Amino acid sequence: MRIGLSISGLADTADEARRAEEAGFDFVGCGEHVFFHGPTPNAFVALAAAAGATSRVRLVTSIALAPVYPGALFAKLTAALDVVSGGRLDLGVGAGGEYPAEFTAVGVDVNERFRRLDETLELLRRLGPGGPVTFDGEFTALDGVALRPAPTQHEGPPVWMGGRGEGALRRAGRWADVWMPYLLDPARVRDGLAKVRDHAAAQGRDPRPLSGALLAWTAVDEDDAWARATGTAAVSATYAQDFSGLADRYLLLGSPDRVLERLAQYARAGVEHVLFQVAASDAADRRRIIDTLTERVLPEAGRL
């Protein structure tokens with residue numbers, strides 16, 4: 001199992017990324033929103049800072065909201081980040097939609113988000129190799145233009161697809177190298193991954209290389225009760241929703257042994273990559289959780 005850490009994407013981005021690499025994490029991630037319930041980063045800016053502070057660890061946008069960007073601009077940002085990171089980018093993409101106000105703010109109809117995402121994925125596929133492209137889509141028109149510099153990774157970075165619905169599973173089967181849902185229990189991850197691979201086969205793709213990941217909200221500490229209370233409160237605040245009745249099913253909270261037991265369940269369901277999203281409301285709690293992850297969970301999780 002490959003283990004990643006979602007960095008804050010705000011003031012401490014470079015320092016957190018550097019420490020994550022030194023601690024032995026396989027990748028660092030960063031999500032984004034234009035507007036949300038609280039402070040949020042931009043994934044491309046934050047991971048560019050992380051790229052400059054590291055040399056080995058891979059970077060994953062987790063998740064970049066493709067529909068809030070013009071498709072050609074999204075492709076440009078993707079290529080630029082892959083180049084500045086030396087080809088270390090994994091492109092996590094999704095449709096978003098849980099905060100419609102951010103779509104209104106950028107002049108995008110939230111009901112168009114899935115069509116916009118599909119078109120952006122097609123643009124990435126065509127523009128990635130760096131040759132001239134002519135394209136007449138619903139939202140984008142290209143007339144013999146080339147993406148230069150092209151991504152360092154031939155034909156573009158690996159695609160990590162978010163989402164949990166049936167449409168997202170079909171989209172992952174068509175486009176993704178990795179399917180990365182969140183807030184799913186192990187049984188639904190196992191079933192979803194099987195469906196993604198079925199959709200890949202139906203599209204004429206070899207489903208075997210397609211792997212499963214998990215974006216896991218986590219609070220871990222030797223004080224099991226503190227970790228559970230801290231994590232539940234933080235996730236509830238993030239989504240403006242009471243998670244007290246959902247924590248045991250969807251969040252990885254508690255002692256190191258409890259979290260490792262849950263990770264083993266996900267590993268048996270087919271998860272090969274886990275991106276820990278720290279569930280903490282202040283910097284001191286976040287540091288405490290990251291230290292425990294690093295010292296007590298990371299060494300064991302890598303062997304699952």
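The structure we're discussing is the one just above.
A brief look at the structure comes next. The structure presented is a predicted model; accordingly, all values stated were derived computationally and were not measured. (Residues numbered from 1 in each chain as written. Predicted model: local features only at pLDDT ≥ 70, side-chain atom pairs only at ≥ 80, totals over all residues. Heavy atoms only, no water.)

**Quick notes on the overall build of the protein**
Now for step 1: Along its length, the protein carries eleven helices and twelve strands.
Now for step 2: For 304 residues, the compact-globule formula gives about 19 Å, and the C-alpha radius of gyration of the protein, at 19 Å, lands near that figure.
Now for step 3: C-alpha atoms of the protein, sized along the principal axes, occupy 60 × 40 × 35 Å.
Now for step 4: Among the 304 residues that make up the protein, the fraction classed as buried is 54%.
Now for step 5: Considering only contacts within the protein whose residues lie at least 6 apart along the sequence, 67% involve residues at least 24 apart.
Now for step 6: As displayed, the protein has an accessible area near 12,800 Å², and 50% of this comes from carbon and sulfur atoms.
Now for step 7: The positive charge centre, built from 33 side chains, and the negative charge centre, built from 40, are 4 Å apart in the protein. (Helix = DSSP H or I, 4+ residues; strand = E, 2+ residues; numbered from the N terminus. Rg over C-alpha atoms; globule rule 2.2 N^0.38 Å. Buried < 20%, exposed > 50% of the residue type's maximum accessible area, 1.4 Å probe, protein only. Contact = heavy atoms within 4.5 Å. Areas by Shrake-Rupley, 256 points an atom, 1.4 Å probe, with all protein chains shown as cover. Lys, Arg positive; Asp, Glu negative; His and termini not counted. Charge placed at Lys NZ, Arg CZ, Asp CG, Glu CD.)

**Points about empty space enclosed by the protein**
Now for step 1: For the structure shown, the criterion picks out one cavity of 30 Å³ or more.
Now for step 2: Empty space within the largest cavity amounts to approximately 40 Å³.
Now for step 3: Along its surface, the largest cavity is lined by Y69, G71, R116, E119, T120, F139 and T140.
Now for step 4: Ranked by residues supplied to the lining of the largest cavity, first place goes to helix α5 (residues 113-127) with three residues.
Now for step 5: Looking at side-chain class alone, the lining of the largest cavity contains two nonpolar, three polar and two charged residues. (1 Å grid on protein atoms, 1.4 Å probe; cavity = no way out; pocket = protein on both sides within 12 Å on 5 of 7 lines; lining within 4 Å. Points joined across faces, edges and corners; volume = space filled by probe spheres on them. Nonpolar A, V, L, I, M, F, W, Y, C, P; charged D, E, K, R; others polar.)

**Examining the layout of surface pockets**
Any empty space left between atoms is shown by rolling a water-sized probe over those atoms.
Now for step 1: By volume, the second largest pocket is sized at about 320 Å³.
Now for step 2: Looking at the second largest pocket, it is lined by 18 residues, and the ones nearest its centre are L124, R125, E155, P157 and V159.
Now for step 3: Elements with a contribution of two residues or more to the lining of the second largest pocket: α3 (71-84), α5 and α6 (166-175).
Now for step 4: For the lining of the second largest pocket, the element with the highest residue contribution is α5, accounting for four residues.
Now for step 5: Taken together, the residues of the lining of the second largest pocket sort by class into eleven nonpolar, three polar and four charged.

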